[in-house]
Amino acid sequence: MERIKVLLVEPMEKPRVVEIDHDLTSMQELVGGDIACTYPWEEDLVGLVHCDDALALGYPLNRMLKDEDGNIYDVVPGAFFLCGLTEDSFGSIPDALAEKYSELFRFPEMYMRTMDNRVLCFRMGSDEPPIQVV
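Residues numbered from 1 in each chain as written. Predicted model: local features only at pLDDT ≥ 70, side-chain atom pairs only at ≥ 80, totals over all residues. Heavy atoms only, no water.

Caption draft 1: Summary view of the environment of arginine 63. Mapped onto the fold, arginine 63 is located in strand β5 (residues 61-66). Overall, the relative accessible area of 0% leaves arginine 63 in the buried class. Sequence separation of arginine 63 and methionine 110 is 47 residues, and the distance between their C-alpha atoms is 8.6 Å. Among the polar contacts made by the side chain of arginine 63, one reaches the main-chain carbonyl oxygen of glutamate 13 at a distance of 2.6 Å. Of note is the side chain of arginine 63, whose polar atom sits 2.6 Å from the side chain of asparagine 62. (Helix = DSSP H or I, 4+ residues; strand = E, 2+ residues; numbered from the N terminus. Buried < 20%, exposed > 50% of the residue type's maximum accessible area, 1.4 Å probe, protein only. Polar contact = N/O pair within 3.5 Å; in protein donor to acceptor, adjacent residues only side chain to side chain.)

Given below as structure tokens:
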């Protein structure tokens with residue numbers, strides 16, 4: 001069985017490179033359910049693979065995604081991984097992209113709803129103040 005390297009990003013953990021079997025079952029086990037893939041960064045050939053039903057399954061919020069202007073447009077719930085993209089499939093993430101996205105997601109994020117129904121994000125280990133998400 002072929003294996004691929006992916007960058008695993010789990011809630012409240014630092015990102016880490018892991019090697020998995022290159023099959024659907026292994027990918028589903030990693031994210032905890034049926035997979036879906038998004039492609040948030042046009043400049044890099046990477047896919048963000050996550051559990052399609054993570055919110056419905058009650059998985060905790062994990063990491064926010066920001067646009068090129070730094071505006072938050074989504075928060076990924078549950079574990080996800082970044083992989084490289086081949087012509088017709090997922091592949092190993094190149095080392096340089098694993099380093100780039102390890103840095104982007106280096107601070108685990110904790111989310112909290114306030115009494116006035118706002119959602120705040122605390123980036124654990126960062127000196128920055130809480131970020132209002134909603």
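Caption draft 2: Inspection of the sheet that holds strand β10 (residues 119-123) at higher detail. Strand order in the open sheet formed by three strands is β9-β10-β11, with antiparallel pairing between adjacent strands. The two strands at the open ends of the sheet, each matched to only one other strand, are β9 (109-113) and β11 (131-132). Sheet topology places β9 next to β10; five bridges connect them, and they run antiparallel. Across the sheet, tyrosine 111 pairs through a bridge with cysteine 121, a residue of β10. (Pairing = 2+ DSSP bridges.)

Caption draft 3: Spotlight on a nonpolar patch on the surface. Taken together, the side chains of Met12, Met110 and Met124 present a nonpolar region at the surface, about 250 Å² in accessible area. Looking at where methionine 124 falls in the secondary structure, it is placed in the loop between β10 and β11. Look at methionine 124 and you get partly exposed, because its relative accessible area is 33%. (Patch = residues over 30% accessible without salt bridge, like charges linked within 9 Å, V, L, I, M, F, W, Y side chains within 5 Å. Areas by Shrake-Rupley, 256 points an atom, 1.4 Å probe, with all protein chains shown as cover. Salt bridge = Lys/Arg side-chain N within 4 Å of Asp/Glu carboxyl O.)

Caption draft 4: Main features of the packing of aromatic side chains. Evaluated as defined, the whole model comprises three aromatic pairs. Centroid distance tryptophan 41 to tyrosine 101: 4.5 Å. Interplanar angle 40°. Geometry classified as tilted. Taken together, the residues tryptophan 41 in the loop between β3 (35-38) and β4 (46-51) and tyrosine 101 in helix α2 (residues 95-104) connect sequence positions 60 residues apart. Neither residue differs from the other here; tryptophan 41 and tyrosine 101 are each classed as buried. Both rings, one in phenylalanine 80 and one in phenylalanine 105, keep their centres 5.4 Å apart while their planes meet at 75°; by these two values the pair is edge-to-face. Residue phenylalanine 80 is found in strand β7 (residues 80-85), and its partner phenylalanine 105 is found in the loop between α2 and β9; the two are separated by 25 residues along the sequence. Each of the two residues, phenylalanine 80 as well as phenylalanine 105, counts as buried. (Phe/Tyr/Trp six-rings, centres within 6.5 Å; stacked < 30°, edge-to-face > 60°.)

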